[in-house]
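Observations on the three-dimensional arrangement
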Amino acid sequence: FSGVLAQDVLRALLELQERLAATTAWAPRAGRNVTLRDVCYAPLNPAEPELGDCCVNSVTQYFQNNGSRLALTALQDDGKVRGTVDWRDHLIYCVNSPLSFKDITALELSCMAEYGGP
């Protein structure tokens, strides 16, 4: 993995997403500041969405937009080979099985996005 699929690039993307999600703008007609919550598509909670309910399509959603999950590693032993699994293994699994609630690596992370969808 290199280029846009390097861990430092994914971390930078996650930080950018967090800054954008925290952005507010003054809406003169509404007479108040608006945020992403006011304009986002939140399919699983459309009435009262929180930031985590907003459908943001990004590769970081395979880690539920969580930097700690992106940094996880685990020892895995399949009976033949013993090694370390990390974000790359999780990403490969999720690209092939995006509806999985738990990958088959020792990380046992969900592939579902933070908002609850694939």
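Up top is the structure.
Since the model is a prediction, treat every value here as computed from it, not as a measurement. (Residues numbered from 1 in each chain as written. Predicted model: local features only at pLDDT ≥ 70, side-chain atom pairs only at ≥ 80, totals over all residues. Heavy atoms only, no water.)

Let's shift gears to the state of the cysteines. Under the counting rule described, the total for this entry stands at two disulfides. With its sulfur 2.2 Å from that of its partner, Cys40 forms a disulfide with Cys54. Judged by the sign of its S-S torsion, about -70°, the cystine formed by Cys40 and Cys54 is left-handed. Of this pair, Cys40 sits in the loop between helix H2 (36–39) and helix H3 (67–71) while Cys54 sits in the loop between H2 and H3; the two residues are 14 residues apart in sequence, bridging distant segments of the chain. The class of Cys40 is buried, set by a relative accessible area of 18%. Cys54 gets classed as buried once you look at its relative accessible area, which sits at 3%. Bridging Cys94 to Cys111, the disulfide has an S-S length of 2.1 Å. Its torsion about the S-S bond being -80°, the disulfide of Cys94 and Cys111 is classed as left-handed. Placement of the pair is Cys94 in helix H4 (residues 87–96) and Cys111 in the segment after H4, with a sequence separation of 17 residues. Taking the relative accessible area as the measure of exposure, Cys94 reaches 0% and is therefore buried. With relative accessibility at 1%, the residue Cys111 sits in the buried group. For the protein chain, the bonded cysteines pair up as 1-2, 3-4 when numbered in the order they occur along the sequence. (Disulfide = S-S within 2.5 Å. Helix = DSSP H or I, 4+ residues; strand = E, 2+ residues; numbered from the N terminus. Buried < 20%, exposed > 50% of the residue type's maximum accessible area, 1.4 Å probe, protein only.)

It is worth spelling out H4 at this point. Within H4, burial applies to Trp87, His90, Leu91, Tyr93 and Cys94. Down the axis of H4, the buried side of the element spans an arc of 165°, and every buried residue falls inside it. Pointing more than 90 degrees away from the buried face of H4 are the exposed residues Val95 and Asn96. Where H4 is buried, its residues contact helix H1 (7–21) and H3. (Arc of directions from axis to C-beta. Contact = heavy atoms within 4.5 Å.)

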